[in-house]
Amino acid sequence: MKRVVRISVSPVKGFRLSHPEKVELGRDGVAENRRFFLVGADGQRLRSSLTPWPVLVRAEYDAELLRMRFPDGSEIEGDARGNGATIRSTAGTLHVDGRVVEGPWAAPLSRLAGHPVRLVRADRPADGMHAPVTLVSDGSLARLAEVAGRAHVDARRFRMLLEVAECEPHEEDTWEGGSFHVGEATIRVGGPVDRCAVTTRDPETGERDLDTLRLLKEYRGQRESDGAVLFGVYATVERPGVVRVGDRLTAA
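For the structure given in this document, a descriptive report is provided here. A quick note: this is a predicted structure, and the numbers were derived from the prediction, not measured.

1. Concerning helix α3 (residues 212–220)
Listed in full, the buried residues belonging to α3 are Thr 212, Leu 213, Leu 215 and Leu 216. Buried residues of α3, seen end-on, are gathered within an arc of 160° and therefore sit on one face of the element. At its buried positions, α3 is contacted by α2 (138–148) and β15 (230–239). Immediately beyond the C-terminal end of α3, within one or two residues, lies Gly 221, with a positive phi of roughly 80°.

Structural data, given as structure tokens:
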């Protein structure tokens, strides 16, 4: 019985993931998931694959109030409506427009980074993601762990929305084009997810500690068209609804 065993979200792209027991899945995914992103002095988005420190910061977002908790235990909160300068970031494969969120964020984030950092609210809720839904299976994680010579590989490395249990290795690859009920929602699985170097970092510390890209290349190969390294799949939302930990994933 395939079922959801973990849900992972973060209001700020690159921050430590939180794991709610349930989420409302809309056409654009989970509302306000990765709604915010960080930019440097040049106004370009700080890419997670090149920037390890954001995983040390936790965030919660509710009713326009954003709270951050830093590794030293300090906490700040404030109104997170974008009210500052307009930003257009073209870094990496995501092009995102937004507005700087003025408030108490810049100083502690800049201290942690060691250079100027600003918080930006994306104009559109889905701009901080490549797809509304991403999934990875326990079977695929177990297979990667076996290749890596480890007892376990933490799914948080891959920052997927849903982790699904009771699957064969890379079974999710075979679901492409299929529709599935999960909780109150229905999703349609698309293609595989192109992985980057953020997956090589420990999700607790941000330190590089596992060469996931090399391991995946060795036993899975690369996509012929562009050399991409693939792991997990994305999906679109056909019918919005609540998804809970423990919900079954069944063919529609």
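2. Looking at the packing of aromatic side chains
Evaluated as defined, the whole model comprises three aromatic pairs. Ring geometry for Phe 36 against Tyr 61: centres 5.0 Å apart, planes inclined by 80°, an arrangement best described as edge-to-face. Of this pair, Phe 36 sits in strand β4 (residues 36–39) while Tyr 61 sits in strand β5 (residues 58–62), placing them 25 residues apart in sequence. The class of Phe 36 is buried, set by a relative accessible area of 0%. In this structure Tyr 61 comes out as buried when scored by relative accessible area, which is 17%.

3. Quick look at the nonpolar core
Core analysis: the biggest nonpolar cluster contains 23 residues, and Leu 25, Val 133, Leu 135, Leu 161, Leu 162, Ile 187 and Val 243 have the highest contact counts within it. At the level of elements, β1 (3–7), β2 (22–26), β11 (133–137), β12 (162–165), β13 (179–182), β14 (185–194) and β15 are the ones that each hand at least two residues to this core. Once residues lying within four places of it in the same chain are set aside, the contact partners of Leu 25 are Val 30, Val 133, Leu 161, Ala 185, Ile 187, Val 237, Pro 240, Gly 241 and Val 243. Judged by nonpolar contacts, the second largest core, of 19 residues, contains Phe 70, Val 101, Ala 113 and Val 117.

4. Focus on the sheet that holds β2
Sheet architecture is open: three strands sit in the order β3-β2-β16, paired in antiparallel fashion. Looking at the sheet topology across the chains shown, the edges are occupied by β3 (29–30) and β16 (241–244). Two strands pair when backbone bridges link them, and β2 and β16 are joined in this way by four bridges, in the antiparallel orientation. Bridging across to β16, Leu 25 finds its partner in Gly 241.

5. Structural notes on the side chain of Glu 172
For Glu 172, the position within the fold is in the loop between β12 and β13. Of the side chains with opposite charge, Arg 220 comes closest to the buried, unpaired Glu 172, at an N-O distance of 6.9 Å. Every residue in contact with Glu 172, bar those within four places of it in the chain, is listed here: Val 136, Ser 137, Ser 140, Val 189, Gly 232 and Val 233.

Cut-off values and rules
Residues numbered from 1 in each chain as written. Predicted model: local features only at pLDDT ≥ 70, side-chain atom pairs only at ≥ 80, totals over all residues. Heavy atoms only, no water. Buried < 20%, exposed > 50% of the residue type's maximum accessible area, 1.4 Å probe, protein only. Helix = DSSP H or I, 4+ residues; strand = E, 2+ residues; numbered from the N terminus. Arc of directions from axis to C-beta. Contact = heavy atoms within 4.5 Å. Phe/Tyr/Trp six-rings, centres within 6.5 Å; stacked < 30°, edge-to-face > 60°. Core = buried A, V, L, I, M, F, W, Y, C linked by side-chain atoms within 4.5 Å. Pairing = 2+ DSSP bridges. Lys, Arg positive; Asp, Glu negative; His and termini not counted. Salt bridge = Lys/Arg side-chain N within 4 Å of Asp/Glu carboxyl O.

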